[in-house]
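Okay, here's what each chain looks like letter by letter:
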Amino acid sequence: MVNAPRQLSLNAFIYPSGHHEAAWRHPDSRPDRIYDVTYYQEIGRTAEAAKLDAVFFADGPALRTDVRHNAAPGLEPITLLTAIASATTHLGLIATASTTYYEPYNLARLFSSLDHISGGRAGWNIVTTGTDVAAANFGLDRHPDHRERYARAREFVDAVVALWDSWEDDAIVLDRAAGIYADADKIHPIDFVGEYLRVRGPFSSARTPQGRPVLVQAGASNEGRAFAGRYAEAIFTAHQRLSDAQAFYADIKAKAAEYGRNAEEVRILPGISPFIADTESAARRLEREFNELTVPEYGLKQLESITGTSLRGYALDEAVPVEVFAGAGDVTDNARSRLQVVAGIVERERPTLRGLLHRLAGARGHRVIAGTPEQIADTIEEWFTHGAADGFNVMPPWYPGGLEVFTSTVVPILQERGLFRTEYSGTTLRDHFGLARPASRFAPEPASVG
């Protein structure tokens, strides 16, 4: 058999008004609708009409946005994705949830329910929560340190996956005549005991249409990359340069192989935030139009949250000293991935502070590109065909129009080039990502032949 040509994965990363920090001020955005469920259902239908793999929501258990200067994304994403599920039929549904501020059993129930309700379209973006402001919302005196959070996260994912597997696929019998609904011998306690977590099980629900929701991860630190190699089936990441993305891609694929996994079943999806117009100069004018709406005070706070470094002592039109970010590391040996992205911008471009704030305003360190639809498609194709990406997390500068422009102008070019589907070939998120349906760990081993 001839293998089918490799296909891009494309997700729409939903950030209510848009990914540019000043999007809410632009007349084409809709900050008045960010608490309106029909707004998100419309975005979901736009993404599905273009045959995108999924929509994705970031989230955190604290108010991190400076709401004086930006619209706060406030709706809980798993609930919201359930509403989007009711308005779509194929679109994948990925939500962020923290291993630090959930317990395994209740998180397992939330994503299992989303997967059942959507017919197998759920994905869990696993985060440990990087901000310490969340701790007080949960009655804690301190936010666990980086090492402790990842140690708990490994136990957490092991426990959640075991819960999802605790019903074998054929556990439900539905024998009305005999009065037997399920075979209790095929429903298993997991008896998970770790340093941080204890979960007895079994789970309260049958296995989902996908077997279990897709495991997604977005951390690119040393710990995060090791975690991704062990668990993640799709990885969201941020890179400015092709070479950095290639190094990250190779590192993650190698780590997956070290854990005995098929590296081809790990989808690496960098973020890209495109300003699109009929000409490159018009696209750059559009980007400047958004940048001119930024509030420096907001940008400075965002920079501090990304890097842990304050630049408030510098004038806006003063060059940012390279030594401020000395010791940030590189993409293959880095404890704080986003700090390294910012350090790279400063080292290569030597921007003023205002220029750096504008560079980060577009997508918080993800790649911002301004150009024609063909130029955007060229960049996507280059990264896809040169070992830097399996697809992209598309981050429109503003919603809803930024997604509409991308899906109506860039996606058709990618389809014409044979890089992206024209129709869905399956109904689940695993189908879209080209991932096999995993067997339950409790399923009996297949009988040997011979």
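Structure's up top.
Residues numbered from 1 in each chain as written. Predicted model: local features only at pLDDT ≥ 70, side-chain atom pairs only at ≥ 80, totals over all residues. Heavy atoms only, no water.

Q: I'd like a description of helix H1 (residues 37-49), backed by residues and values.
A: Here H1 contains 13 residues, and its C-alpha end-to-end distance of 18 Å stays within 8% of the 18 Å for a straight helix at 1.5 Å per residue. Within H1, the full set of buried residues consists of Tyr39, Tyr40, Gln41, Ile43, Gly44, Ala47 and Glu48. In this structure, the buried residues of H1 make contact with strand E1 (9-14), strand E2 (54-57), helix H2 (77-87) and helix H12 (401-416). At the C-terminal side of H1, Lys51 shows a positive phi close to 65°. (Helix = DSSP H or I, 4+ residues; strand = E, 2+ residues; numbered from the N terminus. Expected span 1.5 Å × (residues − 1). Buried < 20%, exposed > 50% of the residue type's maximum accessible area, 1.4 Å probe, protein only. Contact = heavy atoms within 4.5 Å.)

Q: Provide a residue-level description of the pattern of salt bridges, including the pertinent values.
A: By the definition in use, this model includes 28 salt bridges. Here Arg284 makes a salt bridge to Glu280, at a shortest N to O gap of 3.1 Å. Here Glu280 and Arg284 lie together in helix H7 (residues 280-291), a separation of four residues that amounts to about one turn. Take Arg284: its relative accessible area is 39%, and that puts it in the partly exposed class. A salt bridge links Arg359 to Glu349; its shortest N-O distance comes to 2.9 Å. Here Glu349 lies in helix H9 (residues 337-349) and Arg359 lies in helix H10 (residues 353-361), a separation of ten residues in the sequence. (Salt bridge = Lys/Arg side-chain N within 4 Å of Asp/Glu carboxyl O.)

Q: I'd like a description of unusual backbone geometry, backed by residues and values.
A: A cis amide bond links Gly201 to the next residue, Pro202, at an omega of 0°. Summarising the element assignment, Pro202 is placed in the loop between strand E8 (198-199) and strand E9 (214-217). Note that the residue after Tyr399, namely Pro400, is joined by a cis bond; omega there is 0°. By the element assignment, Pro400 lies in the loop between strand E13 (391-394) and H12. The phi torsion at Leu174 lies on the positive side, around 55°, for a residue other than glycine. Positionally, Leu174 belongs in strand E5 (residues 172-175). In this structure, Asp191 takes a positive phi of about 50° despite not being glycine. You can see Asp191 is positioned in the loop between strand E6 (180-182) and strand E7 (192-193).

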